[in-house]
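Coordinate analysis (summary)
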Amino acid sequence: MKRIVTIALFAACTLQLGAQNSTTLEGVARLLKGFISSQASTQEDTVSVRLLGRALDALASGDIDGVLSQAKEAAGLATPASASEDLPSGTDRSFISAWNPQKFFLNLPAANYSGITPVSVSGLEGDFLLIDDKSDTEGWRKVHISFDASGQITAVRDDGFVAASTGATATDGEGIAYNPHHGTVLMSREATNEILEFSPDGHATGRALKTARFFPSNGNAGLESLSCNNATGEVWTMPENSASGDLRLQKYSPALWPSGHWTYRLDTPAVRNKGAIYVHGVSEICALEDGTLLVLEREANIPGTSVTEAAGAAVNCKLFRVDPSSVRRGATLEKHLLTEFRSYALDLSFANYEGMCLGPVLPDGRRVLVLIADSQKGYKGVLRDWMRTIVLF
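The notes below deal with the structure included here.

We now examine the overall build of the chain. Counting secondary structure elements, the chain contains five helices and 20 strands. For the chain, the residues scored as buried account for 55% of the 393 residues in total. Considering only contacts in the chain between residues 6 or more positions apart, those separated by 24 or more positions represent 56%. Working note: accessible area of the chain is about 16,600 Å², and carbon and sulfur atoms make up 51% of it.

Pasting the structure below:
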């Protein structure tokens, strides 16, 4: 019964996107309530139906937050409200101290967010830039993010889109990094493996990082990651995937000249039966001030595009830490797993995290790591531009 309830809500939220008026929404709600009621056979089912009825009432009124909360409770998937969630099993508790629930913000335009970078952070708030890998125009979105003392995001303000002076379109911009040493913005184009430099108002400086000899054009598996070490000004980049699973981690000096490379080896894929849509690789890196890097590996599998098939979609993320200074240049890096976490379409938590950067330092001295997901522009009205914070020691 719980599976029926959840799939029905998944269908309801999908249908909500196409509903153009309240009459249509109410009709959808009535039909689904009748269907679910006919499936109830136990006392537990009756409770689920009652909760689902509230969810569908929320659907009819356009209250999507109400739909999600009541649906999760009806399906037995709700978790008690708390400032933070339990750390995933196997998390390195010597490095990660807290794990905040993922959130989305309706005032942030739905998009294909693939990167995030801090520009200035003061106290528990700061200005950040977001990049959209399917943006019609090359550029970035400015946002102001507020946090509480636990590191959780409390508000996101959209400060508008900055168009790049290149006027380029469909560049598949995946990575973005603000360089405080130059006061400039770096953006990577995955399809052509270019990294260009811009002023904060979007004007191209004419400088580009030398990438062609290291990263031949690799289509949708090219330069996905980009990060700048705020302390040293060094820039790091890496492609998403390769046929062999060995990736080149490239470092650039503060003057933006190539200054070293290492081999990063992807974990073996866990998915055996790949669906209609499947991606596996490094979705982002984050340079820490101590010279180490955080590496986010993401494996997403979507069985099919129909509502029932898509309900089986899942994403598995692994967060590693690597230390390039511990091995000679050109050598294979040793990976240290910090945590691993999953999200599913079935419980409406599906989050394909592609952006990651450092956030504020909390009053107690701990550091916040900020993640943002690619919702495929709010696909079918179901996927969300989830944001999550992880608190580091």
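Text resumes after the structure shown.
Moving on to the pattern of salt bridges. Side chains carrying opposite charge are able to pair once their charged atoms draw close together. Enumeration over the complete set of coordinates arrives at 18 salt bridges. Two residues, Arg157 and Asp159, come together in a salt bridge whose shortest N-O distance is 2.8 Å. Using a relative accessible area of 31% as the deciding quantity, one classes Asp159 as partly exposed. Across the pair Arg189 and Glu194 runs a salt bridge whose closest N-O atoms are separated by 3.1 Å. For Glu194, a relative accessible area of 29% gives the class partly exposed. Because the salt bridges share partners, they merge into one network encompassing Glu224, Glu240, Arg298 and Glu354.

The next subject is the side chain of Asp132. With respect to the helices and strands, Asp132 occurs in strand β3 (residues 125–132). Put simply, Asp132 is tucked away with no salt bridge, and the nearest opposite charge, on Lys377, sits 6.5 Å away. Within the structure, Asp132 has its side chain in polar contact with the side chain of Asn112 (distance 3.3 Å). In contact with Asp132, other than residues within four places in its own chain, are Ala111, Asn112, Tyr113, Ser114 and Gly173.

Turning to the pairing of strand β6 (residues 173–179), a few remarks are in order. By the criterion of burial, β6 is predominantly enclosed, with seven of the seven residues buried. Where β6 and strand β7 (residues 184–189) come together, six bridges link them in antiparallel fashion. Looking across to β7, one finds that Asn179 is bridged to Thr184. Hairpin connection of β6 to β7: four residues between the antiparallel strands, including Gly183 at a positive phi of 65 degrees.

With respect to the helices, strands and loops of the structure, Thr171 is situated in the loop between β5 (153–163) and β6. The exposure class assigned to Thr171 is buried, which follows from its relative accessible area of 14%. Beyond its immediate stretch of four places on either side in the chain, Thr171 contacts Glu138, Arg189, Glu190 and Ala191.

Here is what the cut-offs are and how they apply
Residues numbered from 1 in each chain as written. Predicted model: local features only at pLDDT ≥ 70, side-chain atom pairs only at ≥ 80, totals over all residues. Heavy atoms only, no water. Helix = DSSP H or I, 4+ residues; strand = E, 2+ residues; numbered from the N terminus. Buried < 20%, exposed > 50% of the residue type's maximum accessible area, 1.4 Å probe, protein only. Contact = heavy atoms within 4.5 Å. Areas by Shrake-Rupley, 256 points an atom, 1.4 Å probe, with all protein chains shown as cover. Salt bridge = Lys/Arg side-chain N within 4 Å of Asp/Glu carboxyl O. Lys, Arg positive; Asp, Glu negative; His and termini not counted. Polar contact = N/O pair within 3.5 Å; in protein donor to acceptor, adjacent residues only side chain to side chain. Pairing = 2+ DSSP bridges.

By themselves these figures say nothing about function.
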